Amino acid sequence: MKGTAERNRSRWRALVPWVALVFIIVAGLGLRLGYFLNGDPFVDEWATMLVARGIWEQGLPFLPSGTLYARAMLFSYLDALLLAVVGWTPVVVQLPSLLAGVLTIPLAYFVGRQLFAGSEVPVLHGAGDTADSGEQSRTSRGKHNLLMEWRGEAVGLLAAALLALDPIAIIWSGRARAYTLEHVFVLLAILWLHQRRYILFSLAFVGALFSHAEAALLLPGFALGLLLGEGWSIIRRPKVWLATGISLVAIAVRLVIHRQIITGTGGRFEVMAVRPAIQLSLDIAAGFRPLLPFFTESYRLVAALLFLVGLAFAVRAWRRQDRKSGYLLLYPLCLVTLAEMLTVVGQSWKDPRYLLMLLPAFFVLAGATAVDVLIWIEGRSRVPAWLKVTVGVLLIGLLLIPPLPEALNAANKLEEGYGPTLAYVRDQWQSDDTVAGWAAPAIAVELGQIDYFAMQIGNEEFIMEKDGIWVDRWVGAPLMDSVEQLEAALDQPGRLWFLTDEFRFRARYTPEFAQAIWDRMEPVFRYHN
């Protein structure tokens, strides 16, 4: 009888985490599909479509303008492969993001479970917390052990739930950009480094690097985390040196590619040096200000507070030389990368988007801290049981409920409407029409041509000199940046279509240019989202 009960308990314990994980994955998939199926691409996605089509047609990531586009090379090649198999459609180009975004949810669970299942649980006992009787002590230990027994699974489930509900993760899972693919490789790198599978770690790091170049910032944090976990003995391990060599060579290759891009694909074009990627600065306050929303958005605020509390658990693990602790791997990764963003990365690149590579690790640490705080409270014998349960429910609720409204909003979010607007233009198109606008990739993909790249203010990073004239970097359309050029285009036979959105119409053009449009053109289509 006792054996049967024990077997049933073992089956129940094994089944519950999987059922919970499946529920979280299904919820995350549903939210991501909601945004994915809205059907109107985000404005940057058309550039991904152009480069994927370039790879599909000629095997290399060149845009129609002749420039090399290598910001998300691995993602672009995955897109090109899908295009070759399935055929051309925007949904196919977005599909790798959706698949990677869903895959990150179970990966976050496995990382949390692996990193926090076997290490020492940081439970503290103060004076007067010892049970007064042997029976009470045994009861307290039983509850304590039951909670510890689920520690890894609980951390993994919380991390998976936080990632599934995060509105920014939902949105990027439906866009043809490489952020979710980068998440997959970062999670694999964390998992394999924790398992001391160094070669697999280096391959995952290379995958992250060629998904997004800023992943190069992760390597010092990974190295410090490994040093804290293994000590100086790692320098005697050949596989560590081999993995380091692979990672450094990949960074060098990525820098060479970056050099080719910023010099106009090896000097073929004249480009303007704007927005330097590397810019040393010790103004920490100025550097941290644009990154602050990553931590202070209302739906992440409790996770950010737990992230700070978890530092105490990390310090304790280090002082007790608990080398298996997941805290000692993930906190160096997050804090060193953040320090690099503050001091090394150019000011114009200090954007919460470029901290997204840390989002899975951030959520794993928040989940681990929440679980360990509850374990610590459970170990306080003088705290009534009802209060322990209440604190646990409140903590988990405060962590998971705030993201819900934002997650639902993200699932129903509509973009600027370039797709419907360009569909209208395509339906009304006549043979002698011309088109101008700033969204050159979108116009080129949807209409098959763009006659003028129209942008006045802040156009430096988007243009290059080719054959003596300034053109956009994506398609090679000539620059229109003056009232005279606009009026000359309007004086040509046929109609001129001018495509913009309200924000950029106010921000990217002078009042004189905007007034000329109002004086000589009339609005014919407006998309309301």
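In the block above lies the structure referred to throughout.
Now for a description of the structure that goes with this document. Since we're looking at a predicted model, the values are computed, not measured.

## Some remarks on the overall build of the protein
Helix and strand content of the protein: 24 helices and seven strands. Computed over the C-alpha atoms, the radius of gyration of the protein is 27 Å, within 12% of the 24 Å expected from 2.2 N^0.38 for a compact globule of 529 residues. Projected onto its principal axes, the C-alpha positions of the protein cover 95 × 50 × 45 Å. Within the span of the protein, comprising 529 residues, buried residues form 51% of the whole. Intrachain contacts of the protein at a sequence separation of at least 6 include 77% that bridge at least 24 residues. Element-wise, carbon and sulfur atoms account for 63% of the exposed surface of the protein, whose accessible area totals about 24500 Å².

## Side note on unusual backbone geometry
The phi torsion at Arg 196 lies on the positive side, around 60 degrees, for a residue other than glycine. Within the secondary structure layout, Arg 196 lies in the loop between helix H8 (179-194) and helix H9 (198-209). Assessed through its relative accessible area of 24%, Arg 196 is described here as partly exposed. You will see that Gln 321, though not glycine, has its phi angle at about 55 degrees, which is positive. Mapped onto the elements of the fold, Gln 321 is located in the loop between helix H15 (301-319) and helix H16 (327-343). Accessibility expressed as a relative area gives 59% for Gln 321, which makes it exposed.

## Structural notes on the side chain of Arg 300
Residue placement: Arg 300 occurs in the loop between helix H14 (293-296) and H15. At 2.9 Å, the side chain of Arg 300 forms a polar contact with the side chain of Asp 166.

## Overview of the nonpolar core
Among the nonpolar cores identified, the biggest contains 160 residues, and Phe 116, Ile 190, Leu 218, Phe 362 and Phe 453 are the most heavily contacted of them. The contact partners of Phe 453, leaving out residues within four places of it in the chain, are Gly 437, Trp 438, Ala 440, Phe 462, Ile 463, Asp 472, Trp 474, Ala 477, Pro 478, Leu 479 and Met 480.

## Topic: the sheet that holds strand S3 (residues 452-454)
Pairing is parallel in the open sheet, where four strands are placed in the order S6-S3-S2-S7. Each end of this open sheet is capped by a strand with a single partner; those strands are strand S6 (479-480) and strand S7 (496-499).

## Some words on the pairing of strand S5 (residues 469-472)
Across four bridges, strand S4 (residues 463-466) lies against S5 in antiparallel orientation. Its bridge partner being in S5, Glu 465 is matched across the sheet by Trp 470. Where S4 folds back on S5, the antiparallel hairpin that results is connected by two residues, among which Asp 467 adopts a positive phi of roughly 55 degrees.

## With respect to helix H11 (residues 238-262)
Across its 25 residues, H11 extends 36 Å between first and last C-alpha, which sits within 8% of the 36 Å expected from 1.5 Å per residue. One or two positions beyond H11, positive phi appears at Gly 264, with a value near 75 degrees.

## Let's talk about the sheet that holds strand S1 (residues 270-271)
Taken together, three strands build an open sheet; the order of strands is S1-S4-S5 and the sheet is antiparallel. The open sheet is flanked by S1 and S5, the only strands paired with a single partner. Pairing of S1 with S4, which is carried by two bridges, proceeds in the antiparallel orientation. Residue pairing across strands places Glu 270 opposite Glu 465, the latter belonging to S4.

## Side note on the packing of H9 against helix H10 (residues 218-230)
The geometry of H9 relative to H10 is characterised by a closest axis approach of 12 Å and an angle of 160 degrees between their N-to-C directions. The angle between H9 and H10 places the two elements in the roughly antiparallel class. Classified by chirality, the crossing of H10 by H9 is right-handed. Residues Tyr 198, Phe 201 and Phe 205 of H9 touch H10, and the partners they reach there are Leu 218, Leu 219, Phe 222, Leu 226 and Glu 230. Partitioned by chemical class, the residues of the contact of H9 with H10 number seven nonpolar, no polar and one charged.

## Some remarks on the side chain of Arg 177
The topology assignment puts Arg 177 in the loop between helix H7 (167-172) and H8. In this structure Arg 177 is buried but unpaired, with Asp 44 as the nearest side chain of opposite charge at 4.6 Å. A polar side-chain atom of Arg 177 sits 2.8 Å from a polar atom in the side chain of Thr 48. When residues no more than four places from it in sequence are discounted, the contact partners of Arg 177 are Asp 44, Ala 47, Thr 48, Tyr 69, Phe 75, Ser 97 and Trp 172.

## Re the environment of Leu 282
As for its placement among the helices and strands, Leu 282 is situated in the loop between S1 and helix H13 (284-288). As for Leu 282 and Thr 343, which are separated by 61 residues in sequence, their C-alpha atoms are 5.7 Å apart.

## A look at a nonpolar patch on the surface
Side chains of Leu 301, Leu 305, Leu 308, Leu 311 and Leu 335 sit close together on the surface and give an oily, nonpolar patch of about 420 Å² of accessible area. Examining the composition of the nonpolar patch, we find that four residues originate from one element, H15, more than from any other. By the secondary structure assignment, Leu 311 is in helix H15. Here Leu 311 falls in the partly exposed class, since its relative accessible area comes to 30%.

## Topic: the pattern of salt bridges
A complete count under the given rule lists ten salt bridges for this structure. Between Arg 495 and Asp 433 there is a salt bridge whose closest N-O contact spans 2.7 Å. Here Arg 495 is found in the loop between helix H22 (483-490) and S7, whereas its partner Asp 433 is found in the loop between helix H20 (418-428) and strand S2 (434-437), with 62 residues between them in sequence. Salt-bridge contacts for Glu 502 lead to Arg 526; the nearest nitrogen and oxygen are separated by 2.1 Å. In this pair, Glu 502 is assigned in helix H23 (residues 502-507) and Arg 526 in the segment after helix H24 (511-520), connecting sequence segments 24 residues apart. Looking at Glu 502, the relative accessible area reads 43%, which means it is partly exposed. If you follow the salt bridges from partner to partner, you end up with Arg 196, Glu 230 and Arg 237 in one network.

## Some points on the packing of helix H6 (residues 151-165) against helix H17 (residues 359-378)
In the contact formed by H6 and H17, the axes pass within 8 Å of each other and the chain directions differ by 135 degrees. In terms of axis orientation, H6 runs oblique to H17. Like other packed secondary-structure pairs, H6 and H17 cross with a definite hand, here right-handed. Taken together, the residues of H17 that come into contact with H6 (itself represented by Arg 151, Ala 154, Val 155, Leu 158, Ala 159, Leu 162 and Leu 163) are Leu 359, Phe 363, Val 364, Ala 366, Gly 367, Ala 368, Ala 370, Val 371, Asp 372 and Ile 375. Of the residues in the contact of H6 with H17, the class split is 14 nonpolar, one polar and two charged.

Cut-off values and rules
- Per chain, residue numbering runs from 1 following the sequence as it is written.
- Thresholds applied to this predicted model are a pLDDT of at least 70 for local features of residues and 80 or more for the giving and counting of side-chain atom pairs; totals over whole chains, interfaces and linings are not thresholded and use all residues.
- Side-chain metrics in this entry use all non-hydrogen atoms of the structure; hydrogen atoms and water are not considered.
- To qualify as a helix, a DSSP run of H or I must reach at least 4 residues; to qualify as a strand, a run of E must reach at least 2; elements of each kind are numbered from the N terminus.
- Within these notes, the globule rule equals 2.2 Å times the number of residues to the 0.38 power, and the radius of gyration is based on C-alpha atoms.
- Exposure is judged per residue with a 1.4 Å probe applied to protein chains only, and the accessible area is read against the type maximum: over 50% gives exposed, under 20% gives buried, and values in between give partly exposed.
- Only heavy atoms matter for contacts: two residues are in contact if any of them lie within 4.5 Å across the pair.
- Here the accessible surface of atoms and residues is derived via Shrake-Rupley with a 1.4 Å probe, and residues count as covered only by protein chains that are part of the display.
- N or O atoms closer than or at 3.5 Å make up a polar contact, with two conditions inside protein: a donor-capable atom paired with an acceptor-capable one, and, for residues adjacent in sequence, both atoms drawn from side chains.
- In plain words, nonpolar cores are sets of buried Ala, Val, Leu, Ile, Met, Phe, Trp, Tyr and Cys residues tied together by side-chain atoms within 4.5 Å.
- For two strands to be treated as a pair, DSSP must find no fewer than two bridges joining them.
- Expected span of a helix, by definition, is 1.5 Å for each gap between consecutive residues, and there is one gap fewer than residues.
- Each axis is a line fitted through C-alpha atoms, and for a helix only the stretch in contact is used; angles between axes span 0 to 180 degrees, taken between their N-to-C directions.
- Each angle receives one of four descriptions, namely roughly parallel if under 35 degrees, roughly antiparallel if over 145, roughly perpendicular if within 65 to 115, and oblique otherwise.
- Take the far helix as the reference: if the near one is turned anticlockwise from it by less than a right angle, the crossing is left-handed, and if turned clockwise, right-handed.
- Residues are grouped as follows: Ala, Val, Leu, Ile, Met, Phe, Trp, Tyr, Cys and Pro are nonpolar; Asp, Glu, Lys and Arg are charged; every other residue, Gly included, is polar.
- Charged residues are defined here as Lys and Arg on the positive side and Asp and Glu on the negative side; His and the ends of the chain fall outside this count.
- Should a side-chain nitrogen of Lys or Arg be within 4 Å of a carboxyl oxygen of Asp or Glu, the pair is scored as a salt bridge.
- Note on patches: the residues involved have over 30% relative accessible area and no salt bridge, like charges join within 9 Å, and the nonpolar side chains Val, Leu, Ile, Met, Phe, Trp and Tyr join within 5 Å.

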